[in-house]
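Letter by letter, the chains look like this.
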Amino acid sequence: MPANDKRFVAHIDILGMSTLVEQDAEAAWNLLSGLVECLETVNGYELEFKDAGARVALPEKVGSVMFSDTIVLFTIDDSDLSLRSLIVAVVTLFHRALVKCVPVRAAVAYGTFFINQPKSMYAGPALIEAYRHGESAQWLGIVACPSAVGRAAALGMTSDNKNLIVPWSIPVKTGTIEGHAVNWPAAVQNDMTVSAPLTAEQFYEAFRSTFGDFNLQPPDVKAKYQHTVDFMNAMLTGELA
């Protein structure tokens, strides 16, 4: 554990979980169970970074803790290799959650984050930043917080020659905030069964059995899915929404 406790932290949670728990506790539990399976799978990954000549088991670089519908991933230090590992972990977890029809959103931050795993103690400004940016974003996506974006972009990570850290107008309740996001659509495009551009209704179909028909959702929920496909379409087609 680094002496200065500086590290990268990701906050990931399920969209619409509180409402679902109140309406259908069993369905909420099934979503939660699906997310746990995703985390267990990702924690078993071994990563290879050919340009860095490194091969690591993910838990060697990234730790995790889960409480309620929230997963917190954190690096063991603040090295570039650990940050790379965290970005891969977040994107992969995000993708696997969508495959299991679990709607999630996330944010990655950098800063002080104290850990005492034996006593289940986790706290620090980095987690607060990741939480606030992730929770305020009105979409299914991954925000690169201001504290982490410089280091993350400098890594030059790509997928199919597309940058993984991209500038984007992050949707929030009051409009949009200029910032950066993780280009998860580029990383998962080869697994998509529907070609871009997608509609919000097409993307939402995976979640209909849990949350009900798209047309019956309140406007703010519909907007979150629209914001999601706006980002997806822009990243996959190269055309800004």
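Above this note sits the structure.
Remember, it's a predicted structure, so these values are computed and weren't measured experimentally.

K.L.:
Requested: an account of the packing of helix H2 (residues 25–43) against helix H4 (residues 80–99), with residues and values cited.
P.N.:
Between H2 and H4, the least distance of the axes is 9 Å, while the angle of their chain directions is 140 degrees. Taken together, H2 and H4 sit at an angle that is classed as oblique. Crossing angle aside, the handedness with which H2 passes H4 is right-handed. Together, Leu35, Cys38, Leu39, Thr41 and Val42 of H2 and Ala89, Thr92, Leu93, Arg96 and Ala97 of H4 make up the contact between the two elements. Along the lines of polarity and charge, the residues of the contact of H2 with H4 split into seven nonpolar, two polar and one charged.

K.L.:
Go over the environment of Arg105 with me, naming the residues and quoting the values.
P.N.:
In this fold, Arg105 is placed in strand S6 (residues 104–112). As a C-alpha pair, Arg105 and Ile12 span 93 residues in sequence and 5.7 Å in three-dimensional space. Once you skip the residues sitting within four places of it in the chain, Arg105 turns out to touch His11, Ile12, Asp13, Leu15, Phe94, Gly134, Glu135, Ala137, Gln138, Trp139 and Gly141.

K.L.:
Describe the sheet that holds strand S12 (residues 165–172), listing the residues and the values that go with them.
P.N.:
One key point about sheets: their strands pair by backbone hydrogen bonds, in either a parallel or an antiparallel sense. Ordered in space as S4-S5-S1-S6-S9-S13-S12, the seven strands form an open sheet in which the pairing is mixed. Of all strands in the sheet, those with a lone pairing partner are strand S4 (62–67) and S12, marking the two edges. Here the average twist between neighbouring strands, direction ignored, is 35 degrees. When S4 meets strand S5 (residues 70–75), the two strands line up antiparallel, connected through six bridges. Pairing of Gly63 across the sheet is with Phe74, part of S5. Running at roughly 165 degrees to S4, H2 makes contact with strand S1 (6–14), S4, S5 and S6 of the sheet.

K.L.:
Which residues make up the packing of aromatic side chains, and what are the values?
P.N.:
Inspection of every chain in the model, using the stated rule, returns 13 aromatic pairs. Taking 5.8 Å as the distance between ring centres and 55 degrees as the angle between the ring planes, the aromatic pair formed by Phe74 and Phe113 counts as tilted. In this pair, Phe74 sits in strand S5 while Phe113 sits in the loop between S6 and strand S7 (114–116), placing the two residues 39 residues apart along the sequence. Look at Phe113 and you get buried, because its relative accessible area is 0%. Members of the aromatic cluster, connected to one another through ring pairs, are Phe203, Tyr204, Phe207, Phe214 and Tyr225. In this structure, Arg151 packs its charged tip against the face of Tyr110, placed 5.9 Å from the ring centre.

K.L.:
Explain the pattern of salt bridges to me, and be specific about the residues and the numbers.
P.N.:
Taken as a whole and assessed by the stated rule, the structure comprises nine salt bridges. A salt bridge links Asp5 to Arg7, with the nearest nitrogen and oxygen atoms 3.4 Å apart. No difference in accessibility class separates Asp5 from Arg7, as the two residues are buried. Across the salt bridge formed by Glu135 and Arg105, the nearest N and O atoms sit 3.6 Å from each other. Taken together, the residues span a long stretch of sequence, with Glu135 in helix H5 (residues 125–136) and Arg105 in strand S6 at a distance of 30 residues. Several salt bridges share partner residues, and in doing so they unite Asp13, Arg105 and Glu135 into one network.

K.L.:
A description of unusual backbone geometry should follow, citing residues and the corresponding values.
P.N.:
One non-glycine residue, Ser120, adopts positive backbone phi at about 55 degrees. By the element assignment, Ser120 lies in the loop between S7 and strand S8 (121–123). You can call Ser120 exposed: its relative accessible area is 56%. Unusually for a residue other than glycine, Asp160 sits at a positive phi of about 50 degrees. You can see Asp160 is positioned in the loop between strand S10 (158–159) and strand S11 (162–163).

K.L.:
If you had to explain the side chain of Ser85 to someone new, which residues and values would you point to?
P.N.:
For Ser85, the position within the fold is in helix H4. Overall, Ser85 belongs to the buried group, its relative accessible area being 0%. Among the polar contacts listed, one links the side chain of Ser85 to the backbone oxygen of Leu81, at a separation of 2.9 Å. With residues up to four places along the chain from it excluded, the contact list for Ser85 reads Leu47, Phe49, Val56, Leu58, Lys61 and Val62.

Calculation rules
- Residues numbered from 1 in each chain as written.
- Predicted model: local features only at pLDDT ≥ 70, side-chain atom pairs only at ≥ 80, totals over all residues.
- Heavy atoms only, no water.
- Axes fitted to C-alpha atoms, helices over the stretch in contact; angles between N-to-C directions.
- Helix = DSSP H or I, 4+ residues; strand = E, 2+ residues; numbered from the N terminus.
- Parallel < 35°, antiparallel > 145°, perpendicular 65-115°, else oblique.
- Left-handed = near helix turned anticlockwise from the far one by under 90°.
- Contact = heavy atoms within 4.5 Å.
- Nonpolar A, V, L, I, M, F, W, Y, C, P; charged D, E, K, R; others polar.
- Pairing = 2+ DSSP bridges.
- Phe/Tyr/Trp six-rings, centres within 6.5 Å; stacked < 30°, edge-to-face > 60°.
- Buried < 20%, exposed > 50% of the residue type's maximum accessible area, 1.4 Å probe, protein only.
- Lys NZ or Arg CZ within 6 Å of the ring centre and 35° of its normal.
- Salt bridge = Lys/Arg side-chain N within 4 Å of Asp/Glu carboxyl O.
- Polar contact = N/O pair within 3.5 Å; in protein donor to acceptor, adjacent residues only side chain to side chain.

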